[in-house]
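Working through the structure, step by step
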Amino acid sequence: MASISSKVFFLLFLSLSASSSLVSANFYDEFDITWGDGRGKILNPDLLTLSLDKSSGSGFESRNEYLFGKIDMQLKLVPGNSAGTVTAYYLSSKGSNWDEIDFEFLGNLSGDPYILHTNVFSQGKGNREQQFYLWFDPTADFHTYSILWNPKHIIFSVDGTPIREFKNAESTGVPFPKDQPMRIHSSLWNADDWATRGGLVKTDWSQAPFTASYRNFKADACVVASGKSSCGGSAASSGGINQAWLSEELDNTKQERLRWVQKNYMIYNYCSDSKRFPQGFPPECNVA
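One structure accompanies this document, and this report is about it. Everything numeric here is computed off the predicted structure, so don't read it as measured data.

Quick notes on helix α4 (residues 252-264)
- The end-to-end C-alpha separation of α4 is 18 Å, in line with the 18 Å expected for 13 residues at 1.5 Å each.
- Of all the positions in α4, only Arg257, Leu258, Trp260, Val261 and Asn264 are classed as buried. Down the axis of α4, the buried side of the element spans an arc of 160 degrees, and every buried residue falls inside it. Facing away from the buried side of α4 by more than 90 degrees, the exposed set consists of Asn252, Arg259 and Lys263.
- For α4, the N-terminal cap is Asp251; the gap from its side-chain oxygen to the backbone nitrogen of Thr253 is 3.2 Å.

Considering the sheet that holds strand β6 (residues 85-92)
- Here eight strands make up an open sheet; going across it, the order is β1-β4-β13-β6-β7-β8-β9-β16 and the pairing antiparallel. Pairing within the sheet leaves two strands with one partner each, and these edge strands are β1 (31-35) and β16 (266-269). Averaged over all neighbouring strand pairs, the angle between strand axes comes to 15 degrees, with direction disregarded.
- As paired strands, strand β9 (residues 130-132) and β16 are joined by three bridges and run antiparallel to one another. What sits directly across from Gln130, in β16, is Asn269.

Reading guide: rules and limits
- Residues numbered from 1 in each chain as written.
- Predicted model: local features only at pLDDT ≥ 70, side-chain atom pairs only at ≥ 80, totals over all residues.
- Heavy atoms only, no water.
- Helix = DSSP H or I, 4+ residues; strand = E, 2+ residues; numbered from the N terminus.
- Expected span 1.5 Å × (residues − 1).
- Buried < 20%, exposed > 50% of the residue type's maximum accessible area, 1.4 Å probe, protein only.
- Arc of directions from axis to C-beta.
- Polar contact = N/O pair within 3.5 Å; in protein donor to acceptor, adjacent residues only side chain to side chain.
- Pairing = 2+ DSSP bridges.
- Axes fitted to C-alpha atoms, helices over the stretch in contact; angles between N-to-C directions.

In C-alpha cells, the structure reads:
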C-alpha cells in the first residue's frame, strides 16, 4: 500500500479532477430508452434514470454510432443494499464478431464496496477482465466514468484518473476494436446468479425499486452515419470536434496515477491469473 502522505496527495488530486465541469449534451437528442416498460426515464435534458424491480430492469442506447472517441458520463449508482444488481455502461457494436468496451458496476450489501468490472471484446472475444474497488462511495454523488478510444489504445478513467489501459496489440495477432462503429448502451438489471460473491448473495426485492442516475454526457467523438465518419475531411473542423484525443497518450503524471490505482485498488487482473492461463498469459498481457 502507498504511504499515507502519498494517498492524501492523490486523493486531493482526484477530488480536484472530479470537480472539473463538463459541457453536457441533451439526453433527449442523444439517447433512446430501449427497454423497461417505463422504468427508464429521461427526466430533463441533462438527467436520466434507470430502475429495476422484480418484474424488469431497464436500459437505453445512443442514437449515434461512434468509431473512436472520448466519452464521458456521470453516474450515481444504486445506494444501500444493491447486492445482486448490475449497472452496465458500455460501447458495443453488433453481430457475432462484435467489439465492446465495458464498465460494469457490481452491487453489494450495504457497507460493502461496489466492484467496478471492466472488459474489452474484439472480434467477439472478451475474457479480458480487470476489477477494481473505488476510492469513494459511488452512491453518494455523481462521478465521471470515461472511455478514451483511439487507434493506439483504450483508456478507462474515473474522475479523470486512468484505471486501465488496453493497448493496440495487433502486432502480436490480437484484434483491436478499430473497424466497427459502436453505440453507447447502459442497463440496470438483476444478476444475482453471479454478481455478488459469485451468486451467494441474492437481490433483496424488499429494497426495490433500485435506481441509478445519469447526467453530464459528453462525447468528443467520430460519429458514423451512412458509412461516413464525421472526423473525415472538413466535417470534423466544421463540427468543432476537438480531435486531440485521436493521438492522446498517458503522460508521466497519468501513468503514475494509473500505477497508483492498480497497486491500491485493483482486485483482479486476468493478466496475472496463472491458474486461469496455465499455458501462458494472452499475448496482449506482454505488450509494453
